[in-house]
Amino acid sequence: MHTRSTTKRITQSAPTSECDEVFDEQTEMVLPELGPTIELENDSFARSLYQDLASDSAIDNFLKSSRFYSVPERRWKLPRNYSKLIDTNFYTPYCNIISSIMRYFWRDASRGGSRKVVDTHVTELSHSSEDPSTHTSRPSLVIKAAGPSFELPSSDKIGFSNIATCIEVQVEGGESPVWKQLAQTAIYARQIFIQQPNRRFVRALSITGRRLRLFHFDRAGAQYTPSINFDDDPRTFVRLVLGISSPNEADIGLDTSIQWELQNGRKVSGTLSTRAADNTEKVYTLVHVAPFFSRSSIGGRGTTCWTVYDSASGEKMIVKDAWRSDRRIAEDVHLQAAIGVSGVVQMVSSFENRIDTRVVMKHYGRSIIHFTSAKQLLCALRDAIAGHRELFKRGTLHRDVSCANVLLGIPGAKPGERGILIDLDMATRLGKSGFHPAVDWRIGTPLFQSTSVLYSVVIEEPNLANPHDHVDDLESFFYILTYIIYTYDSQGVSYPMDKLLGQWNGYSGVSASDAKGIFFVKERFVSDAIAPRWPEAVLDVFRNFGSFVGSFFGDRMDTRYQEREEILELLRDTASSADQHYDEILRIFDTGIEALEKAENEEAELFEEDS
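Residues numbered from 1 in each chain as written. Predicted model: local features only at pLDDT ≥ 70, side-chain atom pairs only at ≥ 80, totals over all residues. Heavy atoms only, no water.

### Side note on the side chain of Thr185
Here is step 1: Summarising the element assignment, Thr185 is placed in helix α6 (residues 178-195).
Here is step 2: Assessed through its relative accessible area of 1%, Thr185 is described here as buried.
Here is step 3: In terms of polar contacts, Thr185 uses its side chain to reach the backbone carbonyl oxygen of Gln181, at 2.9 Å.
Here is step 4: Contact partners of Thr185, with chain neighbours within four places excluded, come to Ala204, Phe215 and Phe217. (Helix = DSSP H or I, 4+ residues; strand = E, 2+ residues; numbered from the N terminus. Buried < 20%, exposed > 50% of the residue type's maximum accessible area, 1.4 Å probe, protein only. Polar contact = N/O pair within 3.5 Å; in protein donor to acceptor, adjacent residues only side chain to side chain. Contact = heavy atoms within 4.5 Å.)

### Looking at α6
In an α-helix, one full turn covers 3.6 residues, which means residues spaced three or four apart are oriented alike.
Here is step 1: The terminal C-alpha atoms of α6, which comprises 18 residues, lie 26 Å apart, in line with the 26 Å expected from a rise of 1.5 Å per residue.
Here is step 2: Burial within α6 is extensive, with 15 of its 18 residues counted as buried. (Expected span 1.5 Å × (residues − 1).)

### Quick notes on helix α11 (residues 470-487)
Here is step 1: Between its terminal C-alpha atoms α11 stretches 26 Å, which fits the 26 Å expected from 18 residues at 1.5 Å a residue.
Here is step 2: With 18 of 18 residues buried, α11 is to be regarded as a mostly interior element.
Here is step 3: Where α11 begins, the side chain of Asp469 points an oxygen toward the backbone nitrogen of Val471, at a separation of 3.2 Å.

### A few points about the nonpolar core
Here is step 1: Counting 75 residues, the largest nonpolar core has Ile368, Ile385, Phe477, Ile480 and Trp534 as the members making the most contacts within it.
Here is step 2: Beyond its immediate stretch of four places on either side in the chain, Trp534 contacts Phe371, Ala374, Leu377, Ile484, Ile485, Tyr488, Asp489, Ser490 and Leu539. (Core = buried A, V, L, I, M, F, W, Y, C linked by side-chain atoms within 4.5 Å.)

### With respect to the pattern of salt bridges
Here is step 1: Inspection of the entire model under this criterion finds 34 salt bridges.
Here is step 2: Between Arg190 and Asp131 there is a salt bridge; the shortest N-O distance is 3.1 Å. In this pair, Arg190 is assigned in helix α6 and Asp131 in the loop between β6 (125-126) and β7 (136-137), connecting sequence segments 59 residues apart. The burial state of Arg190 is the same as that of Asp131; both residues are buried.
Here is step 3: Linked by salt bridges that have partners in common, Asp56, Asp60, Arg235 and Arg239 make up one network. (Salt bridge = Lys/Arg side-chain N within 4 Å of Asp/Glu carboxyl O.)

In short, geometric facts, not functional conclusions.
As C-alpha cells, then:
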C-alpha cells in the first residue's frame, strides 16, 4: 500500500454565510487534532476491506437482481444529469442504492430497524455540549443504528449517538476540494468519537457523482483513498456500504467489550469485560453508563476512564483505556514497577492489543483540588511526593505531575496512601546513559511544567535539551501547591485565579519559563491577599518548598549557556543527591502537618475545658 503524508495549510476565503462561518470554526477545532494525514496513492486499502462480509459471487447475484444497477451497461442507475435534481431529490437516488444493498444483505437488521439509511441533509444533528451551542451538522446521509452501543439523543430522534456513520454526497463538478471533504468528515467523526465513547475508529464516505473517497479516522489520525469510480468497481462499493452499516458493531469500529442495557432507547446500565491477571475473562459492572473522563480529540491517546464495580470483591475500580505510540513504553510497564509503592496508583490487571491498552486500577478519591481541610491537602501532597520518590528509586520518572494526576486517598486512608499519584502514560525508564529522556514542552500541563520543560520549546534539536530529572517533577509538585494556595482557601473554597497564575497560564514557552523564574528570584511567595486564607503552618510549608525549588533555578538558568558535558556533570551531581532532596521536602511537609495537628489538639482541649 503506497501512501504519502500531507499537512496542507488551510486557506479559505472569507465566510459568505453564517453556515460557512460555523464550518470554519469547526474546521479550526478539528484539523489540528488530526496531525499529518495520510493520502493513499491507490485503492488497495479500500478493496481489501470487508472481504468477509460478502463474496464476489454474492455481490454479483445482487447486482443481477438489483433494479438500481445495470449489468449490460456496467453502471449504477444514477441520473446522467444531476443539475435537475439539485433543488428536489438529489440525495434520493443514492439513498435508494445504499438502502437496496442493506436490505439485500442485512435483511434482519433492515427489517428490524437496527440499520437504516436516512436522508439528513436538512436535519440538524447536535454537537456535544463541549462545543459552542451554535455548532451542529447536517450530513447528506447517515446510517441510523440501534443496538447495545447506541442510544437516542437527549432531545432528538437521530444524532451522533445513534448513527453508524455519515455519507457526504456532492454534485459532480461542484464538489469541494479534498481538504474540505477531509475537514467535513473529520467534524462528523469527532462527534461520533465523543458521543460513542467505545468507538475505536470511524469510516465515512464522500460521494461525488459516480466517484467516492473513503475516509478512515482513528487515534493515529486520518487517512483517505484516492477518488474511486464505483461504476467500474461495484464490488468494492457494495462491501464499503456493508462495512459501514454492518450489524456487527466491531465491523463499524466499536469496542464490543463494553455493552449497555437500554430502556426506551437510553442507556441505563452496562458491563465492561477485560482480561484478569490470570488471563481469564473478567466482567465488571459499570457504575455509571458514561465514562468519568474522555478525551474529545480524534488523534492522540484517546484516554477514556470508567468507574466499575467488582461484584466478587465488592470494590470499585478504575478502568483506563488508551492508545499509545508503539515507540512509547506502555503505562502498565510503569505500573508493574509501582506495585507495592504507597502513594502511587495500584494496578489490578492490564491487557494490551498492539497499541490499544486497558488497565484496571484501584479506585481512589477525587482530584486533590477537592480537599476540604489544610491538613488533608498537605497529607495528600506529601504522600504523593513520597510515592514519586519510590518510583524514581525504581527507575521510573513520572514527567506529568499536575493537579489532575494527584488524587485524594479514600476516606480514612493510612499515612502513605492519603494522596495518590496517577497517570503514568508519560513516564519514562532510566536509560543506559544514566539519564531520562530530554525535557519536552509538549508533555505535561503548561501551568505545572518546570522552567526547564517550558524553555525546551526553543531548542532546535530536542535531544540536546537537558534530561528530564526528579527536580523538574518536584518543581511541578510545588506548582500544584502554588495553584491551590492562590485559588482556594484552607477549607477548599475556590477564588478567582490570581494575576500571577493568569500569567503562568496565559504565557507559553520561554515567556512562561521566565515568569516562573522571576517568582523564585523575588521570593515573595505569599501575597497580602492570600495570607489570611491559610494557617501559618501551611504558608511555612509553601515558603520553604518554594525556597527549596528556587535554590536550583540559578544553576538551571546557567545550563542554557553551558557546554553539554558541563550540563551532564551538573545533572549527575543533582541525581546523586536525590535522596537528600526528597528527605528535605518530606521534612518540610511533616513539620507543617505536625503543626496543624498540634493546633487541632490544642483547639480540642480548649473546647473540652469550655464544655
